[in-house]
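Chain by chain, the residues run as shown.
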Amino acid sequence: MNNLSKKKILLIICGGISAYKSLELIRLFKKKDVEIKTILTKNAKEFVTSLSVTSLSQGKVYDDLFNANNEVEMDHISLSRWADVVLIAPATANTISKLSLGSTDDLASTVILASNKDIFLAPAMNVRMWEHVTTKKNINKLKSYGYKIIGPQIGDMACGEFGEGKMTEPNDILKEIEIYFDYLNKNKKFKALVTAGPTNEYIDPVRFITNKSSGKQGYALAKSLVKKGFKTTLISGPTNLKTDHNIKLIKVETADEMFRATQDNLPADVAIFSAAVSDFKIKEKKNKKIKKQDYINLELEKNNDILNYVSKHNSLRPKLVIGFAAETNEIKINAKKKLLEKNCDWIIANDVSNKSIGFDSDFNEVSIFYKNEKIKDEKLTMKKKSEISDEIIDRVIKQLN
Ligand SMILES: Cc1cc2nc3c(=O)[nH]c(=O)nc-3n(C[C@H](O)[C@H](O)[C@H](O)COP(=O)(O)O)c2cc1C
């Protein structure tokens, strides 16, 4: 089956000698019934013409950030929204460097920075350029931002030298893109539920008790799930975070609301409970604001333990139940205890006593405790929460498959 049929690819061609190979790439995509729009950088036009690209792609070629006609028809933001995936081939050392800095001085770099899609790069350049420490650093940076790098290959170069730097052959680029869509399709059958953020337990209409949580890790997990093709529901306590439109977002405030929303949105194949749910709520919430001079004695009662409920509920239990444990001490002991007591499959523990990671930070370092005979644990060293999420979801996919 042709899994590329009707897929939309935004192809960005940069100014390198292998730009001519992109014409072959367009031809191969068209044979697979792919819809293509192309951006040529100013320098790409030194190597291929807009006319040849349009003729082959039967799609429009864009080249100017400040073209009023283009902007009316499809502006620089809509271009990446239109696409299912963005492919830069060839990706020059110059464009790679610009992307690693976040520069946006032309249409291509602006569209890429504004993109909400997965971005593939097929670098092509002279071997020395490729091996240069700056290029290596830039590529590693782009990898850490989630860009997917195809190649380059080793071989004879147009400049007469030999080495690594040749653009991957069009047929192999096409195969990589096919594998990507195949992978997304496989995961489409999976439904995921994620909880994130804190809960607010009201004392009176203006005061509440809460737990410290930014929600960033949970939101990043939902994003990774959607990116990998899962139908994803995110149940979020109060946060200021934005999320992708293709995530079903349910905003709640209290632990009771989060509990009900969780029940309403099961079954799922995987549930990840990263929310910092308040263990307690106020037994008798006051309807009117308590005055300073009033005598107050707060009586607390326990909230439902959502993770525990779902893990032990036979008919609702997802195939994979993952809990989070934010710990300040004895992380291993506490994580293992939680894993057993709550009957979940994995516990992801992080040390929140370290201020540079966890809570408000964009970085995290976690250990995954797997429930098996010996309770194996695996550490994911410090990196961006988005990267931690991608790594966790890769493991989820492996487990579900
Ligand atoms: C004949 C010729 C071939 C070139 N080939 C490459 C190449 O394969 N890879 C590369 O990174 N730069 C190559 N360059 C240099 C780029 O064209 C130059 O860095 C340019 O600024 C890239 O612009 P762009 O990234 O906006 O497309 C070549 C230059 C010339 C004159």
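Residues numbered from 1 in each chain as written. Predicted model: local features only at pLDDT ≥ 70, side-chain atom pairs only at ≥ 80, totals over all residues.

Just give me the short version of the domain arrangement of the protein chain, but keep the residues and values in it.
Here the protein chain is partitioned into domain 1 (8–186) and domain 2 (188–400). Across the boundary between the two partners, domain 1 contributes six residues, which contact eight residues of domain 2. Looking at side-chain class alone, the side of domain 1 that touches domain 2 contains one nonpolar, four polar and one charged residues. (Domains from an automatic or database assignment. Contact = placed C-beta atoms within 7 Å. Nonpolar A, V, L, I, M, F, W, Y, C, P; charged D, E, K, R; others polar.)

I'd love a proper account of the packing of helix α1 (residues 19–31) against helix α9 (residues 170–187), names of residues and values included.
Contact pair α1 / α9: the axes reach a minimum separation of 9 Å and the direction vectors enclose 45 degrees. Considering the angle they form, α1 stands oblique to α9. The two elements α1 and α9 cross, and the hand of that crossing is right-handed. Residues K21, E24, L25, L28 and F29 of α1 form the contact with α9, whose participating residues are P170, N171, I173 and L174. (Axes fitted to C-alpha atoms, helices over the stretch in contact; angles between N-to-C directions. Helix = DSSP H or I, 4+ residues; strand = E, 2+ residues; numbered from the N terminus. Parallel < 35°, antiparallel > 145°, perpendicular 65-115°, else oblique. Left-handed = near helix turned anticlockwise from the far one by under 90°.)

Break down the pairing of strand β17 (residues 320–327) for me, with residues and values.
The buried fraction of β17 amounts to six of the eight residues, a majority that puts the element mostly inside the structure. Note that strand β14 (residues 270–273) and β17 share four bridges and pair parallel. Within the sheet, the bridge partner assigned to I272 lies in β17 and is I322. For β17 and strand β18 (residues 346–351), the ladder comprises six bridges, and the chain directions are parallel. Residue pairing across strands places A326 opposite N350, the latter belonging to β18. The parallel pair β17 and β18, bridged by helix α13 (residues 331–342), forms a crossover whose chirality is right-handed. (Buried ≥ 20, exposed ≤ 12 C-beta atoms within 10 Å, placed from the backbone. Pairing = 2+ DSSP bridges. Right-handed = clockwise from strand over helix to strand, strands pointing away.)

So what's going on with the site of the ligand? Residues and values would help.
In the vicinity of the ligand there are 15 residues, among which C14, G15, G16, T41 and T92 approach most closely. In terms of residue count, helix α5 (residues 93–101) provides more of the shell around the ligand than any other element does, three residues in total. (Near = placed C-beta within 6 Å.)

Could you give an account of the sheet that holds strand β6 (residues 148–149), with specific residues and numbers?
Strand order in the open sheet made by the six strands is β3-β2-β1-β4-β5-β6, with parallel pairing throughout. Every other strand in the sheet has two partners, leaving β3 (61–62) and β6 as the edge strands with one partner each. Pairing of strand β1 (residues 8–13) with strand β2 (residues 35–40) involves six bridges; the strand directions are parallel. Pairing of K8 across the sheet is with E35, part of β2. Against the sheet, α9 engages β4 (85–91) and β5 (119–123), with an angle of about 160 degrees to β4.

Run through the nonpolar core, naming residues and quoting values.
Grouped together as the largest cluster of nonpolar side chains are 50 residues, with contacts concentrated most on I88, A89, L121 and A122. No other element matches the six residues that β4 contributes to this core. Setting aside residues no more than four positions away along its own chain, A122 makes contact with I88, A89, P90, A91, I150, G151, M167, T168 and I173. Residues A276, L307, A335 and I347 belong to the second largest nonpolar core, which totals 49 residues. (Core = buried A, V, L, I, M, F, W, Y, C linked by C-beta atoms within 7 Å.)

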